[in-house]
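Per-entry structural report
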Amino acid sequence: MKAVHFGAGNIGRGFIGELLFESGFETTFIDVVQPIIDYINASHSYEMYVIDNNYEKKVIKNVKAVSSITDEPAAVEAICEADIITTSVCVDNLDKIAPTLAKGLKERLNRGGSKVNVMACENAFYATDMLKKALVENKKAPITEAELDEIGAFPNVAVDRIALCKVVDGVKIPQIQSTFELVIEKDKMVDPTAQPIKGAEYVENLGMYLERKLYVFNCGHAATAYFGYYNNRATIFDALEVPEIKADVIAVMKESAMAMTKKYPFTFEELEAYIEKIIKRISLEELHDEVVRVGRSPIRKLNAKDRLVGPALLAEQYGLDNSHLAKAIAAGYAFDCKDDEQAVEIQNYIAENGIEKAVEKYSSLTAEHALYQKVIDAYKALKA
């Protein structure tokens, strides 16, 4: 069996690539970073390390890599031959891979190839839907939605694994936690009864798992990063060593969890256990997970449908407390990391227009939301 995976980064190699290998696939990675491509092709394998198992080394075999920049024909050929196609390029880059993937799928269709599962394993709600939209809208390699539906199935996916890296000889080597969650929308697969990726969970109601991941795990992770950055803590571990920060983070996650119990058939006890597990996972000192990494791209993370504002609005909808979520959102607006383009943009906008206009622009909050004033008040308290 053959797989194509766009993105040979930490998640690509350290998560999806590992599962594809364990499931018996020969995987072709499509990437743009030449040193990683050369590293994979040197031995048709790569190394990764399991952080919470004494840095056990794992070698992933039966892999190769091609550049979508310098060897797009090889990428197109791999797409034509693939039994499954996956991505982990960061949701912001889906439009960048769309032309190559569209060319491959169009050529596969022209050759009379079989229908193939295409899954965007990205840290966002319904990322595969976003990928499909990017394929239709791309101008470089036109393909219609009807053509996509003829040649592909597009199930959405929820992903959860901490995957970091260390640099060895100029190449990033994945360092991952052993625990993970990969949940796949089975009803949208080519064959809803098939389970091609071992270790994945195949479900009918993906929405509740996506929202739990984004609104509880990613919510708490981002809150830790923003509270930690504000308090001059370097890593997530450092931040959670401060009792006040840890208490705030848990309170943020519990506010979100309570809202989730109103929308989905989760019990609060289930989600409390989930929160406890997440706190243990992200507070490992060995992760060396920098708050600036977890907090990066704040424009995306402060969006109304993303990990902080989304659950805060959900709590407001059900008349629940969201004061700690408001404080975390405010800390996100105080994230002034000069090495982050999005953070710089937000800070410049606040300087020119004020926090009120920034909250309207980036979080789509207005005075009609009770959350709007809570965030502004919390921000001003941080800056006082």
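Cut-offs and rules
Residues numbered from 1 in each chain as written. Predicted model: local features only at pLDDT ≥ 70, side-chain atom pairs only at ≥ 80, totals over all residues. Heavy atoms only, no water. Buried < 20%, exposed > 50% of the residue type's maximum accessible area, 1.4 Å probe, protein only. Helix = DSSP H or I, 4+ residues; strand = E, 2+ residues; numbered from the N terminus. Pairing = 2+ DSSP bridges. Arc of directions from axis to C-beta. Patch = residues over 30% accessible without salt bridge, like charges linked within 9 Å, V, L, I, M, F, W, Y side chains within 5 Å. Areas by Shrake-Rupley, 256 points an atom, 1.4 Å probe, with all protein chains shown as cover. Salt bridge = Lys/Arg side-chain N within 4 Å of Asp/Glu carboxyl O. Lys, Arg positive; Asp, Glu negative; His and termini not counted. Charge placed at Lys NZ, Arg CZ, Asp CG, Glu CD. UniProt positions renumbered as here; feature names shortened; annotations may be inferred. Contact = heavy atoms within 4.5 Å. Phe/Tyr/Trp six-rings, centres within 6.5 Å; stacked < 30°, edge-to-face > 60°. Lys NZ or Arg CZ within 6 Å of the ring centre and 35° of its normal. Polar contact = N/O pair within 3.5 Å; in protein donor to acceptor, adjacent residues only side chain to side chain.

1. With respect to the pairing of strand E12 (residues 181-185)
Across the 5 residues of E12, 5 count as buried, placing the element largely inside the fold. What you see with E12 is no split at all: Glu 181, Val 183 and Glu 185 on one side and Leu 182 and Ile 184 on the other are buried throughout. Both strand E9 (residues 157-160) and E12 contribute to a ladder of 4 bridges, which runs antiparallel. Its bridge partner being in E12, Ala 158 is matched across the sheet by Val 183. Both E12 and strand E13 (residues 201-203) contribute to a ladder of 3 bridges, which runs parallel. Counterpart to Val 183 in the pairing with E13 is Glu 201.

2. A few points about helix H5 (residues 127-137)
Listed in full, the buried residues belonging to H5 are Ala 127, Thr 128, Leu 131, Lys 132, Ala 134 and Leu 135. Take H5 and look down its axis: the buried residues cluster within an arc of 160°, on one side only.

3. Remarks on a negative patch on the surface
A cluster of like negative charges, contributed by Asp 52, Glu 241, Glu 285 and Glu 286, occupies part of the molecular surface. Within the secondary structure layout, Glu 285 lies in the loop between helix H10 (268-282) and helix H11 (291-295). On the basis of relative accessibility, which here comes to 46%, the residue Glu 285 falls in the partly exposed class.

4. Some words on the UniProt feature "domain: Mannitol dehydrogenase C-terminal" (unreviewed entry) in the protein chain
Under the UniProt annotation, the feature "domain: Mannitol dehydrogenase C-terminal" (unreviewed entry) is placed at residues 206-382. Measuring from the first to the last C-alpha atom of residues 206-382 gives 37 Å, for a span that is 73% helix and 0% strand.

5. Considering the UniProt feature "binding site: NAD(+)" (unreviewed entry) in the protein chain
With numbering aligned to this structure, UniProt lists the feature "binding site: NAD(+)" (unreviewed entry) at Ala 3, Val 4, His 5, Phe 6, Gly 7, Ala 8, Gly 9, Asn 10, Ile 11, Gly 12, Arg 13 and Gly 14. With respect to the element layout, Ala 3 can be found in strand E1 (residues 2-6). Beyond its immediate stretch of four places on either side in the chain, Ala 3 contacts Leu 20, Phe 25, Glu 26, Thr 27, Thr 28 and Ile 84. Among the secondary structure elements, Gly 12 is positioned in helix H1 (residues 10-22). Since its relative accessible area comes to 0%, Gly 12 is described here as buried. With residues near it in sequence (within four places) discarded, Gly 12 still touches His 5, Gly 7, Gly 17, Phe 29, Tyr 46 and Ser 88.

6. Description of the packing of aromatic side chains
Under the counting rule described, the total for this entry stands at 9 aromatic pairs. Ring geometry for Phe 29 versus Tyr 46: centroids 5.8 Å apart, planes at 75°, classification edge-to-face. In this pair, Phe 29 is assigned in strand E2 (residues 26-31) and Tyr 46 in strand E3 (residues 45-50), connecting sequence segments 17 residues apart. Residue Phe 29 is classed as buried on the basis of its relative accessible area of 0%. For Tyr 46, a relative accessible area of 1% corresponds to the buried category. Residues Tyr 264 and Phe 266 carry aromatic rings whose centres are separated by 6.4 Å and whose planes lie at 75° to one another, so their mutual orientation is edge-to-face. The ring of Tyr 49 carries the charged tip of Lys 166 above its face, separated from the ring centre by 4.6 Å. Sitting above the plane of the Phe 217 ring, Arg 281 keeps its charged end 5.3 Å from the centroid.

7. Here's the deal with the side chain of Arg 307
Of note, Arg 307 is situated in the loop between helix H12 (298-301) and helix H13 (309-317). Side-chain polar atoms of Arg 307 contact the side chain of Asp 306, separated by 2.5 Å.

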